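Structural description and commentary
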Amino acid sequence: MKLPSRDIMARQADEKTAPRVKLPRREVERPLRQVAKRLLMAIGVLFVTILIVYADRGGYHDNADESLDFLDAAYYATVTLSTTGYGDIVPYSDSARLANILLVTPLRVLFLIILVGTTLEVLTERTREEFRLHRWRATLRDHTVIVGFGTKGRSAIQTLCATGLRKDHIVIVDPSSKVIEAANADGFVGVIGDATRSDVLLRAEVQKARQIVIATQRDDTAVLVTLTARQLNKGAKIVAAVREEENAPLLRQSGADAVITSASAAGRLLGLSVLSPSAGTVMEDLIQQGSGLDLVERPVTKAEAGKSVRETKDLVVSVLRGHRLLGYDDPAASPLQLTDRVITIVRAAPVTPLTTPDQD
């Protein structure tokens, strides 16, 4: 099987874009509103300065006519706040000089901060993002990495979130910046880049991940991603999806713990729907998260310990005992033990759909 170094989605992305981490954006005001607010603040500072100067106009000397009116106070405040300072109007009384030290000078500094606020905001925003990124890397542990935010990836995330997994414990890797922007809009951290490269997976902190879901569009890409991920993290649980069943053994040999064959699963569902439309509807209901019925794995409760599989409150499909998966009709499955886990069919709880990007 040919193993190209790029996924089909990566070819559509900008190859010049360096791999980078994108944290979910925080809500900010619109630019026009920010500019208008700064202008109002600057005008307010100027007006306050004019009032201060005019209130103590007797303590100022004007070289032109030796008297200070409101226009002269506005002129002095303007040239003072802008640090121009022509020197034609100067404070000469002690009270005027003290007011300049204690009031006018802080207002001048505030006025300059407002004028250069855009530049300062860019610098502080960049510093803040670097701090958030550093804190995110330092605190991230036992998270889930999703490679590919297409249809399969989004469905996997919906299922994980429905079981209680927090969004800040999910990192999405995708070569398309538009796809990562859609993931950020849903509140997920995204890494832009080709997941077959180890440096991209390291940006997603895959070496500290507990679970890795590989949902790429090509089987050969899934094999390369699995090999790279397993090399970086020996203990993580890796689940991968493939289109063709013949490629499933390659993924298992590459280090995948579980392989889901999407094409054959869809084919079986089609065949079952032809033979029994009702049975096909039930199977589709189980597959779709958040509607009708769901498959759930949970521990055995104290009240269920020692009872038969059929005596539980939920419909038990299988029993997980250690590393053995026992069917509900297996005599060894009953009685249930407190250390067992059961796979049951329960009524599904509705989930919130994720944002769908422009490209799958």
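Residues numbered from 1 in each chain as written. Predicted model: local features only at pLDDT ≥ 70, side-chain atom pairs only at ≥ 80, totals over all residues. Heavy atoms only, no water.

- If you look the protein chain up in an unreviewed UniProt entry, it shows as Ion channel membrane protein from Streptomyces laurentii.
- Under the heading Subcellular location (unreviewed entry), UniProt records this for the protein chain: "Cell membrane". (UniProt positions renumbered as here; feature names shortened; annotations may be inferred.)

1. Concerning the nonpolar core
- With 30 residues, the main nonpolar core has Val145, Val173, Ile212 and Leu251 as its most contacted residues.
- Here this core takes four residues from helix H9 (residues 219-232), the largest share from any one element.
- Not counting residues up to four positions away in its chain, the partners in contact with Leu251 are Ala222, Val223, Thr226, Ala240, Ala241, Val242, Ala256 and Val259.
- Phe149, Leu160, Ile170 and Val213 belong to the second largest nonpolar core, which has 12 residues in total. (Core = buried A, V, L, I, M, F, W, Y, C linked by side-chain atoms within 4.5 Å. Buried < 20%, exposed > 50% of the residue type's maximum accessible area, 1.4 Å probe, protein only. Helix = DSSP H or I, 4+ residues; strand = E, 2+ residues; numbered from the N terminus. Contact = heavy atoms within 4.5 Å.)

2. Observations regarding the packing of aromatic side chains
- On inspection of all chains with the given rule, the structure shows two aromatic pairs.
- An angle of 70° between the planes, with centres 5.5 Å apart, marks the rings of Tyr54 and Phe70 as edge-to-face. Here the residue Tyr54 occupies a position in helix H2 (residues 31-55), and Phe70 occupies one in helix H3 (residues 70-81), the gap between them amounting to 16 residues.
- Judged by centre distance (5.2 Å) and plane angle (65°), the rings of Tyr60 and Tyr76 are edge-to-face. Here Tyr76 lies in helix H3 and Tyr60 lies in strand S2 (residues 60-62), a separation of 16 residues in the sequence. The same class applies to Tyr60 as to Tyr76, namely buried. (Phe/Tyr/Trp six-rings, centres within 6.5 Å; stacked < 30°, edge-to-face > 60°.)

3. Things to note about the pattern of salt bridges
- Scanning the entire structure with this criterion turns up 11 salt bridges.
- Measuring nitrogen to oxygen at the nearest pair gives 2.8 Å for the salt bridge that ties Glu297 to Arg341. With Glu297 in strand S10 (residues 293-299) and Arg341 in strand S13 (residues 341-347), this residue pair connects regions lying 44 residues apart in the sequence.
- Taking relative accessible area as the criterion, Glu297 reaches 42% and is therefore assigned partly exposed.
- For Arg341, a relative accessible area of 32% translates into the label partly exposed.
- By sharing partners, the salt bridges in this structure join Arg137, Glu205 and Lys208 into a single network. (Salt bridge = Lys/Arg side-chain N within 4 Å of Asp/Glu carboxyl O.)

4. What about the sheet that holds strand S12 (residues 324-327)?
- Taken together, four strands build an open sheet; the order of strands is S10-S13-S11-S12 and the sheet is antiparallel. Each edge of the open sheet carries a strand with a single partner, namely S10 and S12. Direction aside, neighbouring strands of the sheet carry axes that sit 25° apart on average.
- Alignment of S10 against S13, held across seven bridges, turns out to be antiparallel. Opposite Arg298, over in S13, you have Val342 as the bridge partner. (Pairing = 2+ DSSP bridges. Axes fitted to C-alpha atoms, helices over the stretch in contact; angles between N-to-C directions.)

5. Observations regarding helix H4 (residues 94-115)
- Its 22 residues give H4 an end-to-end C-alpha distance of 30 Å, which sits within 8% of 32 Å, the value for a rise of 1.5 Å per residue.
- In the structure, H4 departs most strongly from a straight axis at Asn100, where the bend amounts to approximately 40°.
- Among the residues of H4, those classed as buried are Ala96, Ala99, Asn100, Val104, Leu107, Phe111 and Ile114. (Expected span 1.5 Å × (residues − 1). Bend = angle between axes of the 7 residues up to and from the residue.)

6. Things to note about the environment of Leu232
- For Leu232, the location among the structural elements is in helix H9.
- Separated by 26 residues in sequence, Leu232 and Val206 have C-alpha atoms that sit 7.1 Å apart.
- Those residues in contact with Leu232, other than ones at most four positions away along the chain, are Ser198, Leu201, Leu202, Val206 and Gln207.

7. Brief notes about a nonpolar patch on the surface
- A contiguous nonpolar patch, built from Leu98, Ile101, Leu102 and Leu103 and spanning about 400 Å² of accessible area, is present on the exposed surface.
- Its place among the elements puts Leu98 in helix H4. (Patch = residues over 30% accessible without salt bridge, like charges linked within 9 Å, V, L, I, M, F, W, Y side chains within 5 Å. Areas by Shrake-Rupley, 256 points an atom, 1.4 Å probe, with all protein chains shown as cover.)

8. Digging into the side chain of Thr144
- For Thr144, the location among the structural elements is in strand S4 (residues 144-147).
- Taking relative accessible area as the criterion, Thr144 reaches 1% and is therefore assigned buried.
- A polar contact is formed between the side chain of Thr144 and the side chain of Gln211, at a distance of 2.7 Å.
- Once you skip the residues sitting within four places of it in the chain, Thr144 turns out to touch Leu160, Leu165, His169, Ile170, Val171, Gln211 and Val213. (Polar contact = N/O pair within 3.5 Å; in protein donor to acceptor, adjacent residues only side chain to side chain.)

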